[in-house]
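# Examining the three-dimensional arrangement
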Amino acid sequence: LFNLKVADLEKNGSTSAQSYKSAFESDVYPVIPRDTKANALDESSIREILAPIVARGKLSKANHVHSYLSSAFRFGIEYDSAIENHFSDIRFGIRRNPVRDVPKPLKGAMVGERTLSEIEIKQFWESLSDLSTFSAPTEFCIKLLFATGGQRVTEILHATWGEINIADKLWVIPRARTKNRKRDHVIPLTERAID
């Protein structure tokens, strides 16, 4: 199930595929052997996977693994039900998602509850050049993240000159590289971003 889920993510060009694969390798397989059938896992199995992560104090990571597992089981249930898979030799036989009734370890986790103040952003921006831990390309990438209003890291790192229109002050990320893959993402470029 996990291999097919990762393959499906890769086929659809999802940037999450590597995160799923890494989580399964580091946090699932050490607890649940690779050859275990998905339909043999229950709520107890899910708690066994999550407990060591929580014990290390990695609650956010435990939440991610929880989400990856839930998504994989949902994928398996939908796979078995899909008409296009009717003649497939693969059947998971999952009756229900065992992750659903296991609460997320980090409750009420909200993304973006705190923002940097203008002073903090200015201090951070100015300190980037002084930090010997960053190479010049890393410094430019971090600055471009800020200057473009917080675009996704992978979108910054994979940007090409063909996407940038300096004359119109626009960066057009083609839909093939956007998260939802439904439409191009147009970012107006400030003078700071162009610099």
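Right, let's walk through the structure included here. Just so it is clear, the model here is predicted, and its values are computed rather than measured. (Residues numbered from 1 in each chain as written. Predicted model: local features only at pLDDT ≥ 70, side-chain atom pairs only at ≥ 80, totals over all residues. Heavy atoms only, no water.)

### Focus on the packing of aromatic side chains
- As enumerated under the stated definition, the model contains eight aromatic pairs in all.
- Taken together, a centroid distance of 4.3 Å and an interplanar angle of 20° make the contact between Phe 2 and Phe 24 stacked. With Phe 2 in helix 1 (residues 2-11) and Phe 24 in helix 2 (residues 17-28), the pair connects residues that are 22 residues apart, well separated along the chain. Comparing Phe 2 with Phe 24 shows no difference in burial state: the two are buried.
- A ring pair is formed by Phe 75 and Tyr 79, whose centres lie 6.1 Å apart and whose planes are at 40°; its orientation type is tilted. One end of the pair is Phe 75 and the other is Tyr 79, both in helix 4 (residues 59-81) and four residues apart, which spans about a single turn.
- Using a relative accessible area of 14% as the deciding quantity, one classes Phe 75 as buried. (Phe/Tyr/Trp six-rings, centres within 6.5 Å; stacked < 30°, edge-to-face > 60°. Helix = DSSP H or I, 4+ residues; strand = E, 2+ residues; numbered from the N terminus. Buried < 20%, exposed > 50% of the residue type's maximum accessible area, 1.4 Å probe, protein only.)

### Some details on the nonpolar core
- Formed by 29 residues in total, the largest nonpolar core has its most connected members in Leu 1, Phe 2, Phe 24, Val 28, Val 65, Leu 69 and Phe 73.
- Of all elements in the fold, only helix 1, helix 2, helix 3 (43-55) and helix 4 reach the threshold of two or more residues within this core.
- Here this core takes eight residues from helix 4, the largest share from any one element.
- If you look at the next biggest cluster of nonpolar residues, it comprises eight residues, including Ala 147, Ile 156, Leu 189 and Ala 193. (Core = buried A, V, L, I, M, F, W, Y, C linked by side-chain atoms within 4.5 Å.)

### A closer look at the environment of Lys 11
- Within the secondary structure, Lys 11 is located in helix 1.
- Lys 11 sits 57 residues away from Tyr 68 along the chain, and the two C-alpha atoms are 17 Å apart.

### Details of the packing of helix 1 against helix 2
- Here helix 1 crosses helix 2 at 160°, and the two axes come no closer than 8 Å. By the angle between their directions, the pair helix 1 and helix 2 is classed as roughly antiparallel. As for the relative orientation of helix 1 and helix 2, their crossing is left-handed in sense. Within the contact between the two elements, helix 1 uses Phe 2, Lys 5, Val 6, Leu 9 and Glu 10 and helix 2 uses Ala 17, Tyr 20, Lys 21, Phe 24 and Val 28. (Axes fitted to C-alpha atoms, helices over the stretch in contact; angles between N-to-C directions. Parallel < 35°, antiparallel > 145°, perpendicular 65-115°, else oblique. Left-handed = near helix turned anticlockwise from the far one by under 90°. Contact = heavy atoms within 4.5 Å.)

### Concerning the pairing of strand 2 (residues 170-173)
- Residues Trp 171 and Ile 173 line the buried face of strand 2, whereas the alternating positions Leu 170 and Val 172 sit on a face that is not buried.
- Sheet analysis places strand 1 (residues 164-165) next to strand 2, joined by two bridges and oriented antiparallel. Bridge pairing in strand 2 links Ile 164 to Trp 171.
- In this sheet, strand 3 (residues 185-188) lies alongside strand 2 in antiparallel orientation, the contact comprising four bridges. Its bridge partner being in strand 3, Val 172 is matched across the sheet by Val 186. (Pairing = 2+ DSSP bridges.)

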